[in-house]
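Each chain is listed here by its residues.
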Amino acid sequence: MAFPVDLRRCQILGLAGTACLALGGETAGALPVADLLHPASARAALGLVGVYFGVVLLIAAWLLLGRLVRGPRPPAPGSLLLVLVSWAAPLLLAPPLFSRDIYSYLAQGAMVEAHLDVYAHGPSQLGGPLADEVAPLWRHTGAPYGPAFLAVAAALSGLTSGELPAGLLGMRLVALAGVALMAAALPRLARHSGADPSAALWLGALNPLVLLHLVAGAHNDAVMLGLLGVGLVAALGRWPVLGAVLVTLAALVKAPAVLGLAAVVALQVRAGRSPAKALVTTTVAAAGTTVATTAVAGTGYGWVGALNTPVSPQNWALTTLLGRVTRALLEHLGSDLAPLAIPAWHALGIATAVIAIALIWLRLRLRPVYALGLSLATVAALGPAIRPWYALWGLFLIAAAAPSTSVRHRTAAVTGVLALSVLPSGGPADTGQLVLAVSGGALAVVVLWQAHQAELAPALGRAA
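Residues numbered from 1 in each chain as written. Predicted model: local features only at pLDDT ≥ 70, side-chain atom pairs only at ≥ 80, totals over all residues. Heavy atoms only, no water.

Caption draft 1: Looking closely at the overall build of the protein chain. Across its full length, the protein chain carries 20 helices and zero strands. For 464 residues, the compact-globule formula gives about 23 Å, and the C-alpha radius of gyration of the protein chain, at 23 Å, lands near that figure. Overall, the C-alpha framework of the protein chain stretches about 70 × 55 × 55 Å when taken along its three principal axes. Counting only residues that meet the buried cut, the protein chain has 52% of its 464 residues in that class. (Helix = DSSP H or I, 4+ residues; strand = E, 2+ residues; numbered from the N terminus. Rg over C-alpha atoms; globule rule 2.2 N^0.38 Å. Buried < 20%, exposed > 50% of the residue type's maximum accessible area, 1.4 Å probe, protein only.)

In C-alpha cells:
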C-alpha cells in the first residue's frame, strides 16, 4: 500500500528538516571562530546528529514531493514556490552551513572596499578578525570571482561596516535573491523547452542542494545561476541584448557562466536573426558589460589571471584523483615526471571538456538551454575542482530542459548522494564525525519508517 502523499505533508516534513538543520547548525555549523566547539564535545556531536537528521528529512520530503509532481494532479508552480519559501525560512537566520566560503566573500569585499588588490593578495593581507574567519587554506589565495560579485561584496562591506553578524545576514540575502531569480526563470525556460514547469521547479529550485548550499551555505553560485536564468529568459523574448548583458554579469560572478553567451546567440538565430548579426550583437554587449562592470567595481582586470587560482590538494575532482594516483605511481617508480602528473591530468580534463562541449552543441544546437545545461555539467565534472554545489551549474538548466523523465531520475539520484557528502562545519570528516552523521541519518530513516507504519495501520485495519 502506497504512502499517502499531499502537498501539505511534504511542506511540513521539509520544514521539519530545515528546522533541524538550523538548530543543529547552531553547534555544528561553520561558526565564527569565537563560537567554534571541539568536534568531540557533546553539543557539537548532538548538533551534527541533528543536521544529518534534518538532511534526510529534507531529502525524503523532496522525493515525496517529486511523486506528487509526477502524479495525476501536480501542484501548480505557485504552490511549489510557497513550499520553497517555507523550507528556506528556518535557514535564513541559521549560521553558515557546509562551507566557510561566506567568510571569504566578506573578507574579499572588505579588501575591495579598502582598495587592496583582491586578486594579487589573499584575505591575510586585510588582517584583523574578519580575515581570521577565512579557512586557513584560502587566507593567502587571491579571489577567483569576477568584478560583478566583488562589487556586491564591497557594497555590503560598506553597508555593514565590517560587522560579522550583519555581513553574514546580508550575504545570505544576496544568495536568496539569486535563488529567487532561479525560481522565477525556471517555469519560463521549461515552457520554452517543452518541459513541465512544476517538474522544473521541483528539480531545479526545491532541490536539497539549493537549500543546503545556496541558501544555508550562501554560495555566490546562486547569484551566477539567477542572472544566467533571467538572462536566458530575456534572450527568449525580444531583449537579446539585455540577455547578453545579464549572462555576462553572471560570468562576472563566476566564469563558467560565460558559456551562456553561446545559448544567447543560438536563441537569436532560432528567432530568425542571422548568425553573424547575433554573434556581433552578443559580443558587443558582452564586451561593453565587462568593461563597465570592471570599471565600476574598481578591481582592474586581475580577475582574468585569477581564473588559474590553485585548488585544494584534498579536492576530489576526477582529474585531480587521477593525477594523485598517477603521481603516486611515478614516485614509486622513481620518475622525475611525478610533479607533472596532476597538471597534466588537469590539462587533459580541460581539453576533454572542450571537445565534449563542442560535440554537445553540434548535436543539440536546436535545444540551446539543454545544451548549455549539459555543457556546464561537463565543466563541473571534468574541471580541476569539484564541490557538491558545482553540480547545480548544469542541474539548474537540465531541470528546465531535460527531454525525458529518466534524465530527471538520474539527476535526482546524484542530488541525493551529493546532499549527504559534506559536514555542516565545511571541514574534513574524521571517523567519529562520520559515525555521528550516519547515526543522524539512520535515526531519520527509522522515524520516517515508523511514521509510514503508523499511517498504514488504520487503513490495514479497515481492510481487515
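Structure shown, so let's carry the discussion forward.
Caption draft 2: Molecular detail of unusual backbone geometry. Even without a glycine there, the phi angle at His 115 is positive, about 60 degrees. For His 115, the location among the structural elements is in the loop between helix H4 (101-113) and helix H5 (128-132). The exposure class of His 115 is exposed, given its relative accessible area of 74%. With a phi angle near 55 degrees, Ala 218 is a residue other than glycine that sits in the positive phi range. With respect to the helices and strands, the residue Ala 218 is situated in the loop between helix H9 (208-215) and helix H10 (221-236).

Caption draft 3: Quick peek at helix H11 (residues 240-251). The terminal C-alpha atoms of H11 lie 16 Å apart, and with 12 residues this matches the ideal 16 Å at 1.5 Å per residue to within 8%. Within H11, the full set of buried residues consists of Pro 240, Gly 243, Ala 244, Leu 246, Val 247, Thr 248, Ala 250 and Ala 251. (Expected span 1.5 Å × (residues − 1).)

Caption draft 4: Examining a nonpolar patch on the surface more closely. A grouping of Leu 93, Leu 169 and Leu 173 is seen on the molecular surface, where their side chains present a nonpolar patch of about 290 Å² in accessible area. Checked against the element boundaries, Leu 173 lands in helix H7 (residues 164-193). (Patch = residues over 30% accessible without salt bridge, like charges linked within 9 Å, V, L, I, M, F, W, Y side chains within 5 Å. Areas by Shrake-Rupley, 256 points an atom, 1.4 Å probe, with all protein chains shown as cover. Salt bridge = Lys/Arg side-chain N within 4 Å of Asp/Glu carboxyl O.)

Caption draft 5: How the structure looks around the environment of Val 325. Structurally, Val 325 is set in helix H15 (residues 318-332). With relative accessibility at 48%, the residue Val 325 sits in the partly exposed group. For the pair formed by Val 325 and Ala 341, sequence separation is 16 residues and the distance between their alpha carbons is 8.6 Å.

Caption draft 6: Just the packing of aromatic side chains, in detail. Taken as a whole, this structure holds six aromatic pairs when the rule is applied. Relative to Trp 202, the ring of Trp 62 has its centre 4.5 Å away and its plane inclined at 10 degrees; by these criteria the two rings are stacked. Of this pair, Trp 62 sits in helix H2 (residues 42-69) while Trp 202 sits in helix H8 (residues 197-204); the two residues are 140 residues apart in sequence, bridging distant segments of the chain. Take Trp 62 and Trp 202: they sit in the same class, and that class is buried. Members of the aromatic cluster, each reached through a chain of ring pairs, are Tyr 105, Tyr 145 and Phe 149. (Phe/Tyr/Trp six-rings, centres within 6.5 Å; stacked < 30°, edge-to-face > 60°.)

Caption draft 7: Fine view of the packing of helix H12 (residues 260-270) against helix H13 (residues 275-297). With their axes 9 Å apart at the nearest point, H12 and H13 run at an angle of 145 degrees to one another. In the crossing of H12 with H13, the sense of the turn from one axis to the other is right-handed. Side by side, H12 and H13 meet where Leu 261, Val 264, Val 265, Gln 268 and Val 269 of the first sit next to Pro 275, Ala 278, Leu 279, Thr 281, Thr 282 and Ala 286 of the second. (Axes fitted to C-alpha atoms, helices over the stretch in contact; angles between N-to-C directions. Left-handed = near helix turned anticlockwise from the far one by under 90°. Contact = heavy atoms within 4.5 Å.)

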